[in-house]
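Below are the chains, spelled out letter by letter.
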There are 2 protein chains.
Amino acid sequence: MRIGELARLTGCEVETIRYYEREGLLDKPQRTLAGYRAYRHEHVAQLNFVRHCRSLGMTLAEIRLLQDYRAHPERTCEVVNRLLDTQIERVREQIAALHLLEQQLRALRERCHEGHAARDCGILQGLEQAAEGSECPCHGRKRATGAEEQARG
Amino acid sequence: MRIGELARLTGCEVETIRYYEREGLLDKPQRTLAGYRAYRHEHVAQLNFVRHCRSLGMTLAEIRLLQDYRAHPERTCEVVNRLLDTQIERVREQIAALHLLEQQLRALRERCHEGHAARDCGILQGLEQAAEGSECPCHGRKRATGAEEQARG
DNA sequence: TGGAAACCCTGTAGCAACTACAGGGTCAAG
DNA sequence: CTTGACCCTGTAGTTGCTACAGGGTTTCCA
């Protein structure tokens, strides 16, 4: 099958498939005489593996590592377990940071309800006070929440 | 004050300050004879404002927009309110996606407890089954959860 | 048979929000 | 007078894609 069909089968964009190949996440397929990539069934499974891992929030480097373990089944899977633990911890931290963030945003939103002049807007005032006062620890020194790291990629 | 002190006062890296200036988020300061940036108290407040907004997950474009409203207090703050609403909605969606993700990761982690050979690792098996089976909707077609979008920038 | 649409190729540049140099100049202390 | 800490500009890297530009190929329909 050609790249377009692989894309349709996996729900992955053509450009992304070529990107994964460049990054060594997808084996290089054979080529037709015209230079087209010719994929086989294994490629579908391999690409699905990558997409599944990505949907679990893993980085491409981590996925490469997992593929390494698929290729060497005699090694212990210690590292795989660590990877999952790290991943779960990461997600937990993100959730906690986002909960905090939501509270802050809601508190800020509470300060303005109807459309009026920006000079009287409680939200803008709130943002300015937070910036000027030193009693706002949310963005100072070494980041406290880490909220800014994931709150938008 | 010079850029290093501003960095210390705001907990923001020197390179980031210069980056914000280039991006138009921080007013260009005067220069000393040697060409060094000379900041004043207003710059501290301005930079804190930016950092605070960033810690609330806003993009640089959104912060520029807010600064625009600070500069034009006669406008209505309708847009500011919309921005906050969007932001809150964004955070809520991210939290939901991450909860789902955590469940999936925990289920996967359950499949392997002690270090043994990778060939017998329930986690790797789980990942492969998910990739091969068509009954796994988490990464197929048009993305269902959107988890991959924020689960690591 | 011809021509248009749909597909494929490589290579490069863009996105966001920084971060990290390289290769210089300046300044204060000892 | 030299060492080290600081500052400058400019450019390239990061992550995981996405979007061209500027070509070639294949397929379908008339």
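It should be noted that the structure appears before, not after, this text.
One structure accompanies this document, and this report is about it. (Residues numbered from 1 in each chain as written. Chains lettered and ligands numbered in written order. Predicted model: local features only at pLDDT ≥ 70, side-chain atom pairs only at ≥ 80, totals over all residues. Heavy atoms only, no water.)

Residue pairs spaced three or four apart in an α-helix point in one direction, given the helix's 3.6 residues per turn. Residue and element names in this part refer to chain B. If you check helix 3 (residues 41-55), its first and last C-alpha atoms are 21 Å apart, about what 15 residues at 1.5 Å a residue would give, namely 21 Å. For helix 3, the tally of buried residues reaches twelve of 15 residues, placing the bulk of the element in the interior. Here helix 3 has its buried residues at His43, Val44, Ala45, Gln46, Leu47, Asn48, Phe49, Val50, Arg51, His52, Cys53 and Ser55. Within two residues after helix 3, Gly57 carries a phi angle of roughly 85°, on the positive side. (Helix = DSSP H or I, 4+ residues; strand = E, 2+ residues; numbered from the N terminus. Expected span 1.5 Å × (residues − 1). Buried < 20%, exposed > 50% of the residue type's maximum accessible area, 1.4 Å probe, protein only.)

Lining the immediate environment of DNA strand D, one finds 20 residues, of which Thr16, Tyr36 and Arg54 of chain A together with Gly4 and Arg18 of chain B sit closest. Each atom of DNA strand D within 4 Å of the protein belongs either to a base or to sugar and phosphate, the latter forming 74%. Here Thr16 of chain A contributes a side-chain N or O atom positioned 2.8 Å from a phosphate oxygen of DNA strand D. Arg54 of chain A places a polar side-chain atom, nitrogen or oxygen, 2.6 Å from a phosphate oxygen of DNA strand D. The element that contributes the greatest number of residues to the surface near DNA strand D is helix 2 (residues 14-22) of chain A, accounting for four residues. In terms of residue class, the surface near DNA strand D is made up of seven nonpolar, four polar and nine charged. (Near = heavy atom within 4 Å. Polar contact = N/O pair within 3.5 Å; in protein donor to acceptor, adjacent residues only side chain to side chain. Nonpolar A, V, L, I, M, F, W, Y, C, P; charged D, E, K, R; others polar.)

With that out of the way, let us pick up the protein's contact with DNA strand C. Near DNA strand C you find 18 residues, and of these Gly4, Arg18 and Arg37 of chain A together with Tyr36 and Arg54 of chain B are the closest. Contacts to DNA strand C include Ile3 of chain A, whose backbone N or O atom sits 3.5 Å from a phosphate oxygen. Here a phosphate oxygen of DNA strand C and a side-chain polar atom of Tyr20 of chain B are 2.9 Å apart. Among the elements of the structure, helix 1 (3-10) of chain A together with helix 2 (14-22) and helix 3 of chain B are those that each provide at least two residues to the surface near DNA strand C. If one sorts the elements of the surface near DNA strand C by residue count, helix 2 of chain B sits on top with four residues. Each residue belonging to the surface near DNA strand C can be placed in one class, and the counts come to seven nonpolar, four polar and seven charged.

Turning our attention to the side chain of Glu62 of chain B. All names here are of chain B. As for its position among the elements, Glu62 is in helix 4 (residues 60-71). Exposure remark for Glu62: the relative accessible area of 14% places this residue in the buried category. Once residues within four sequence positions are removed from consideration, Glu62 is found in contact with Leu83, Gln87 and Arg90. (Contact = heavy atoms within 4.5 Å.)

Bringing the side chain of Arg37 of chain A into the picture now. Residues and elements named next belong to chain A. For Arg37, the position within the fold is in strand 2 (residues 37-38). Accessibility expressed as a relative area gives 17% for Arg37, which makes it buried. Of the polar contacts made by the side chain of Arg37, one reaches the side chain of Glu21; its length is 2.8 Å. Discounting chain neighbours no more than four positions away, the residues touching Arg37 are Met1, Arg2, Ile3, Arg18, Glu21, Pro29, Gln30 and Arg31.

What follows covers the packing of helix 1 (residues 3-10) of chain B against helix 2 of chain B. A pair of packed helices can be characterised by two numbers: the angle between their axes and the separation between those axes. Residues and elements named next belong to chain B. At a minimum axis distance of 9 Å, the contact between helix 1 and helix 2 shows a crossing angle of 100°. Relative to helix 2, the element helix 1 is oriented roughly perpendicular. For the pair helix 1 and helix 2, contact is made by Ile3, Gly4, Leu6 and Ala7 and by Val14, Ile17 and Arg18, respectively. (Axes fitted to C-alpha atoms, helices over the stretch in contact; angles between N-to-C directions. Parallel < 35°, antiparallel > 145°, perpendicular 65-115°, else oblique.)

Turning to the packing of helix 4 of chain B against helix 5 (residues 78-109) of chain B, a few remarks are in order. Residue and element names in this part refer to chain B. Running from N to C, helix 4 and helix 5 point in directions that differ by 155°, and their axes come no closer than 10 Å. Classified by the interaxial angle, the pair formed by helix 4 and helix 5 is roughly antiparallel. The hand of the helix 4/helix 5 crossing is left-handed. For the pair helix 4 and helix 5, contact is made by Glu62, Leu65, Leu66 and Tyr69 and by Val79, Val80, Leu83, Gln87 and Arg90, respectively. Along the lines of polarity and charge, the residues of the contact of helix 4 with helix 5 split into six nonpolar, one polar and two charged. (Left-handed = near helix turned anticlockwise from the far one by under 90°.)

This part is about the nonpolar core. In terms of nonpolar packing, the biggest core is built from 74 residues, with Ile17 and Leu66 of chain A together with Ile17 and Leu66 of chain B touching the most fellow members. Residues within four places of Ile17 of chain A in sequence aside, it is in contact with Ile3, Leu6, Ala7, Cys12, Leu26, Tyr39 and Leu47 of chain A. (Core = buried A, V, L, I, M, F, W, Y, C linked by side-chain atoms within 4.5 Å.)

Residue and element names in this part refer to chain B. For helix 4, built from twelve residues, the straight-helix expectation of 16 Å at 1.5 Å per residue is met to within 8% by its first-to-last C-alpha distance of 16 Å. Residues Leu60, Glu62, Ile63, Leu66, Gln67 and Tyr69 constitute the buried set of helix 4. In a view along the axis of helix 4, the buried residues occupy a sector of 165°, so they form one face of it. (Arc of directions from axis to C-beta.)

Attention now moves to the packing of aromatic side chains. All names here are of chain A. Taken as a whole and assessed by the stated rule, the structure comprises two aromatic pairs over all chains. Judged by centre distance (6.0 Å) and plane angle (45°), the ring pair of Tyr19 and Tyr20 falls under tilted. Classification of Tyr19 as partly exposed rests on a relative accessible area of 33%. Of the residues examined, Tyr20 reaches a relative accessible area of 3% and is grouped as buried. (Phe/Tyr/Trp six-rings, centres within 6.5 Å; stacked < 30°, edge-to-face > 60°.)

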